[in-house]
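# Examining the three-dimensional arrangement
Here is what each chain is made of, one letter per residue.
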Number of protein chains: 2
Amino acid sequence: MTSDSSFRPVPPAAISGFPEWLPEIRQVEQSWLDVVRSSFELYGYTSVETSAVEQMDTLVSKGDTSKEVYGLRRLFASEDDTTDSRLGLHFDLTVPFARYVAQNFGKLDFPFKRYQMQKAWRGERPQEGRFREFTQCDIDVIDVDSVALRFDAELPRIACEILSAIGIGRFRMHINNRKVLQGFYEGIGAVDAMAVIRAVDKFDKIGVSGVANLLRDLDLDSSQVDKCLSLAQIRVADLSFVDEVRALDVKSDLLDAGLNELSFVMSELADVPDEQVEIVADLAIARGLDYYTGNVYEGKLVDFPTFPSIFSGGRYEDLAGSFIRRRLPGVGISLGITRIFSKLLAEGLIQPGLKTPTQVMVVLPAEEQRAATERVGNVLRRRGIRTEVYHEPDRIGKQLKYASRKGIPFVWFPPFHGDGVHEVKDMRTGAQEVVDVETWPITT
Amino acid sequence: MTSDSSFRPVPPAAISGFPEWLPEIRQVEQSWLDVVRSSFELYGYTSVETSAVEQMDTLVSKGDTSKEVYGLRRLFASEDDTTDSRLGLHFDLTVPFARYVAQNFGKLDFPFKRYQMQKAWRGERPQEGRFREFTQCDIDVIDVDSVALRFDAELPRIACEILSAIGIGRFRMHINNRKVLQGFYEGIGAVDAMAVIRAVDKFDKIGVSGVANLLRDLDLDSSQVDKCLSLAQIRVADLSFVDEVRALDVKSDLLDAGLNELSFVMSELADVPDEQVEIVADLAIARGLDYYTGNVYEGKLVDFPTFPSIFSGGRYEDLAGSFIRRRLPGVGISLGITRIFSKLLAEGLIQPGLKTPTQVMVVLPAEEQRAATERVGNVLRRRGIRTEVYHEPDRIGKQLKYASRKGIPFVWFPPFHGDGVHEVKDMRTGAQEVVDVETWPITT
């Protein structure tokens, strides 16, 4: 222990917005991520990992998130090296993916189906569901000139399968179509359909009367406002939304196209809903991001209606257009794993997992038996059994206590008296039996 | 395509020092990381993930790496929020681990055995084997007051097993002990043993005569210099180093203690060396970092002797001492996965992996058969078979070409004529057979 002025025996406090977990919680998070990865791969999506940083130009080209970008600075950069000051941490995985595809265009096979599971960073004020560092799990299909509509149904199916398999509790997928909105608003004679979309998107926050006021500010008359509000209140779990929209008597080819796309997805997903999953055509949602052009998705936890969306996505026509002179439309969904995980954890809905992956702890009776004991460990591990050898000769009671504290299910007793007899104790039942190191099965 | 001034159809160039891989290369990297993780877990080490950032105080307290630290800056931080400016990206996983243990001290079970597989960042000049963003895989045991010596042998065993299992080619583990060096140098009467260690550590770079000059500058006489050089040239694959050191006739209790510790590890690892792995007691290596106090490890690729070390580690007595008033010694090894991977890739020693995890592609003959085709995909996936459905009805030849280009091993033909007959084509042999969707096995 030094006594210089920098000595500070108090550990730094946790950094707000940068979540970290104890091992038994991390183990659960890791099991979630394993489910996500294997589900993505089950559908033939391939892993891509992009660097944590992008050129600042790339990051701020989307505009509205630029204030949340973390730039890098070198503490002691040499004067001739200014490269790093043009770098920032990515705030999502969509922008890096678009850049990656443009950059590697000639070397990828299309339709390019990839998943990406990485941290992203946003310098926003930490609050419920919002972190400065968080894990996103993204899945996208991107293709040249056009993307098959079937992917509009495949991606939400995968998202639902994953969250059901994890068991996050009841959740609802809201699906809408931007062409429905744009076609409808143009059809009723709105001059700026995008402005109407943005106004209606505030439904959750400001309610019917708030949206009505915004719409009147956009010079819509009361009949137009009524139609917008009627559209936004359509939320059904089947195809009846088509008739409900038709009943509003608005004519637009774009609207028709959008209704067809939305109907396709709702039909394809008809077998998905169950006790955990609801799927609704919700004609209010728009997803704030301007680049969506067709079907859009938003996921919500049913039991926490004011909690932010747990996944989102949609179809985009030209995401990589700022990087390459090819039209590369796509469709994608992003799962907010950190957001869901930390919410369920805070609500007490996640049981702590294992403190250690160890399945068997081998007792070390005395130093003279250490070589034989280590050999038992090596044999069990060669057989794929996760095994640790107790680290020092000590009272058996103390060794059992260690195993118990760490939740290790089996304790192995190597031959104590040179009689060659191995025994295993099942820590949950207390049962102990004579076993063979070459054949003993994990019976869990 | 817009024509505003920000339009830039050229994708940003790759950022030097921040490696990214094509999918078929990423797939290999991912398989490496899977081996690392499962090996760590096989020995009962638990996963920890710390945030990418640390308080700047924490990062720069170690001194010599501070010039490589990336600090964060917010592009548009509000004036009352200066928290982010005190954050930096971690440059290794050891400092974050020490901070994590100190911070969660009361909630962890000791000996605490953890692994950590994460990116780290250093703002150093990119060159062979040195990146600005790289994946480290660390494994450490930390305990209160003392750590059992057996871990000094377990960690290098795990490191060797992992790199052998991956098949990185021939590599050599150099092991030394800091007590041997310090005891020896004190024993010959050197005033500043640490300065001698630092001089001898330059052996690889400046050779015998260069080191001799440095030692003379430290006021060692020629007999002392000779002894230092003799010690540094001891490199053996067995326990004979003990006699070689004894022959130099230097007396020191610390030296004796170090020789015992080193002998222990060399004996314990006697079964590890094979065609791929060499293990040597190498009395020249010191590992630059000051915090090592006992056995130290350094890994080298045998076929690329000038390439930097591929892993390193050692025993430390008090890593978390700047955070907590408890002595928390430990022993750890850090595998430089990005460094090894990129080297073997550059040398053409890594064969590209799979472009997709898909095992079966289901042909989509015509739109009318899409529902039935999607059902085949769903059944196969429910059976755990990684399956994609071709994305649009098209000529069979084109669909087969897609499967071939992506390296998908099997193509599934659903019933074409309503006769209920499914067939599977093995793309490697060309053989095609009638199969059942509920029973067809992956025969790879």
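Scroll up to find the structure.
These numbers were taken from a predicted model, which means no experiment stands behind them. Counting restarts for each chain: residues are numbered from 1 in the order of the written sequence. Lettering of chains starts at A and numbering of ligands starts at 1, both following the order in which they are written. Whole-chain, interface and lining totals are the exception, using all residues; otherwise, since this is a predicted model, local features are given only for residues with pLDDT of at least 70 and side-chain atom pairs are given and counted only at 80 or more. No hydrogens and no water enter the side-chain calculation; it runs on all heavy atoms of the structure.

Here we take up the relation of the copies chain A and chain B. The least-squares superposition of copies is restricted to C-alpha atoms, and to residues with a pLDDT of at least 70 in both copies. Once turned by 180° and shifted 0.0 Å along the axis, chain A lies on chain B with an RMSD of 0.0 Å. A rotation of that kind, with that shift, is consistent with a two-fold axis. For chain A, the residue whose C-alpha comes nearest the rotation axis is Leu-72 of chain A, separated from it by 2.4 Å. Interface residue correspondence from chain A to chain B reaches 100%, placing this contact among same-surface, isologous pairings. The contact definition used throughout considers only heavy atoms, calling two residues in contact when any of these lie within 4.5 Å.

Throughout, the protein atoms alone are placed on a 1 Å grid, and a set of points is a cavity if a 1.4 Å probe fits but cannot get out or a pocket if it is open with protein on both sides within 12 Å along at least five of seven lines; lining residues have an atom within 4 Å of a point. Grid points are joined across faces, edges and corners, and a volume is the space filled by probe spheres set on the points. The tally for this structure, following the rule as stated, stands at four cavities of 30 Å³ or more. Put simply, the largest cavity is a space of about 130 Å³. Strands are runs of DSSP state E lasting at least 2 residues, helices are runs of H or I lasting at least 4, and numbering of each runs from the N terminus. Every element with two or more residues in the lining of the largest cavity is listed here: helix 1 (23-42) and strand 6 (133-142) of chain A. If you tally residues by element for the lining of the largest cavity, the top one is strand 6 of chain A, at three residues. The residue classification treats Ala, Val, Leu, Ile, Met, Phe, Trp, Tyr, Cys and Pro as nonpolar and Asp, Glu, Lys and Arg as charged. All others, Gly included, are polar. For the lining of the largest cavity, the residue count by class is three nonpolar, four polar and six charged. Each pocket or cavity is described by its volume, and for the second largest cavity that value is around 100 Å³. The wall of the second largest cavity is formed by Glu-49, Thr-50 and Ser-51 of chain A together with Pro-19, Glu-20, Trp-21, Glu-29, Lys-119, Glu-133, Phe-134, Thr-135 and Thr-338 of chain B. Per element, the largest residue contribution to the lining of the second largest cavity is three residues, and it comes from strand 6 (residues 133-142) of chain B.

Pairs can form between side chains of opposite charge whenever their charged atoms are close. Any carboxyl oxygen of Asp or Glu within 4 Å of a side-chain nitrogen of Lys or Arg constitutes a salt bridge here. Enumeration according to the criterion identifies 58 salt bridges over all chains in this entry. In the salt-bridge network here, residues are joined through shared partners; they are Arg-150, Glu-154 and Glu-268 of chain A together with Glu-367, Arg-370 and Glu-374 of chain B.

Residue and element names in this part refer to chain A. Every axis in this analysis is a line fitted to C-alpha atoms, fitted for helices over the stretch in contact. Angles between the N-to-C directions lie between 0 and 180 degrees. Relative to each other, helix 6 (residues 193-200) and helix 7 (residues 203-217) sit at 140°, their axes nearing to 8 Å. Of the possible angle classes, the one that applies to helix 6 and helix 7 is oblique. Together, Val-196, Ala-199 and Val-200 of helix 6 and Phe-203, Val-211, Leu-214 and Leu-215 of helix 7 make up the contact between the two elements. Of the residues contributing to the contact of helix 6 with helix 7, the split by class is seven nonpolar, no polar and no charged. In this scheme, roughly parallel covers angles under 35 degrees and roughly antiparallel covers those over 145, while 65 to 115 is roughly perpendicular and the rest are oblique.

The next thing to look at is the environment of Phe-203 of chain B. Residues and elements named next belong to chain B. In this structure, Phe-203 sits in helix 7 (residues 203-217). Under the relative-accessibility criterion, Phe-203 is labelled buried at 16%. Sequence separation between Phe-203 and Gln-233 is 30 residues, and the spatial gap between their C-alpha atoms is 9.5 Å. The residues touching Phe-203, leaving out its near neighbours within four places in the chain, are Val-208, Val-211, Leu-229, Ala-232 and Gln-233. Three exposure classes are used, based on accessible area relative to the maximum for each residue type with a 1.4 Å probe and protein chains only: buried under 20%, partly exposed in between, and exposed over 50%.

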